[in-house]
Amino acid sequence: MQARAFSAPRGVVAQRARAAPRAPTHNARGSLHVVASAKKKELFMWEGLREAIDEEMERDPTVCVMGEDVGHYGGSYKCTLGLYKKYGDMRVLDTPICENGFMGMGVGAAMTGLRPIVEGMNMGFLLLAFNQISNNCGMLHYTSGGQYKTPLVIRGPGGVGRQLGAEHSQRLESYFQSIPGVQLVAVSTPRNAKALLKAAIRSDNPIIFFEHVLLYNLKGEVGDRDEVQSLERAEVVRQGTDISIFTYSRMRYVVMQAVAELEKQGYNPEVIDLISLKPFDMETISQSVRKTRKVLIVEECMKTGGIGASLSAVISESLFNELDHEVVRLSSQDVPTAYAYELEAATIVQSSQVVEAVQKTCGARAVATA
């Protein structure tokens, strides 16, 4: 069971209580002045991930990092920058280019008491380690009769970037979702990235931790070292009544761009960031579906066999009588991602498609004019 260091409303990132403003004081001359409260801490997402790794390595000496260029180079997106100087080359281990080999080493290290973080320089490269992920890290606890556990975090950049070509634009959620024994988590903000990575490192389950390549330079508020977030909870990004839009990772921002336009047209959509791709947070999902009675799933994953396909099936099976409209899915095209910018954009969901899908599902809205 993963650590849960706080109790928060479902679907909402825990907010640390703000420090109360200092009481008014008097200076030596008797003039009244107020000491300003501490400014909220903001980091880029890659900095938040780095801070999470640093804090957990400092907290627990069994936490270690391994992967290609994670040490002296600091990782392909600098999520381990400088950590080898603080913790040494054995806890921040540069590996050869042999994904199946160092993934197996990570599984073995987890079996013998360590808590490894295995970084894939690009998540697409981890297809070379699929055997270790599918046949070992997810199954060893069961196949050993509970004698072994594998507290392992597999993380790295993925998703469609900007003209990275087909092999560097993989979305592996659909590849890994059917593997027994592993959890899938997709982060979307600096705050939930840091809090979820800390929770994943503390979990006794193997976690595949998806970070979108275009979100590393997203800047936002982060929590302190005591803030962690449940790995199984979705986040209600926006309350609404007309339709439930389920999304995750970078598509959260595509959806919110569409929502800005939909609000002008009189629509009131509810937006849920799934975060946990396996298992789904069915409590939050069910509450939203029962309220709006319409569902739109927006994902960057492929349409055939993707996360949206699984979620659509679960909703149709368990909440069919709550629906007033069939479940609608917007997914990437089932084609290799093109290098050309225009063709690349045509393969993934755009905000205009979200607007059109909501209009079609909910019908026309009469917008009152002053």
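An account of the accompanying structure is given in this report. As the structure is a prediction and not an experimental result, all values here were calculated from the model. (Residues numbered from 1 in each chain as written. Predicted model: local features only at pLDDT ≥ 70, side-chain atom pairs only at ≥ 80, totals over all residues. Heavy atoms only, no water.)

Here we come to the sheet that holds strand β11 (residues 235-238). Taken in spatial order, the five strands of this open sheet run β11-β13-β12-β15-β16, and their pairing is mixed. The sheet terminates laterally at β11 and β16 (328-332), the two strands that pair on one side only. Strand after strand, the sheet turns through a mean of 25° between neighbouring axes, direction not considered. With three bridges joining them, β11 and strand β13 (residues 270-273) adopt antiparallel strand pairing. If you follow Glu-235 over to β13, its bridge partner there is Asp-273. With respect to the sheet, helix α8 (residues 251-264) is in contact with β11, β12 (244-247), β13 and β15 (295-302), its orientation differing from that of β11 by roughly 35°. (Pairing = 2+ DSSP bridges. Helix = DSSP H or I, 4+ residues; strand = E, 2+ residues; numbered from the N terminus. Axes fitted to C-alpha atoms, helices over the stretch in contact; angles between N-to-C directions. Contact = heavy atoms within 4.5 Å.)

Bringing the sheet that holds strand β6 (residues 115-119) into the picture now. Spatially, the seven strands line up as an open sheet ordered β5-β4-β6-β7-β9-β8-β14, and their pairing is mixed. Edge positions in the sheet fall to β5 (92-94) and β14 (276-278), since each has one partner strand and no second. Between one strand axis and the next, the sheet turns by 20° as a mean value, whatever way the strands run. As paired elements, strand β4 (residues 63-67) and β6 share five bridges and run parallel to each other. Paired with Gly-67 across the strands is Glu-119, a residue of β6.

Here the focus is the pairing of β6. Taking burial as the measure, the five residues of β6 include five buried ones, the bulk of the element. Residues Arg-115, Ile-117 and Glu-119 of β6 are buried on one face, and the alternating residues Pro-116 and Val-118, pointing to the opposite face, are buried as well. Across three bridges, the pairing between β6 and strand β7 (residues 153-158) is parallel. When the sheet's bridge partners are listed, Glu-119 is paired in β7 with Arg-155. (Buried < 20%, exposed > 50% of the residue type's maximum accessible area, 1.4 Å probe, protein only.)

Worth remembering: the numbers are spatial, not functional.
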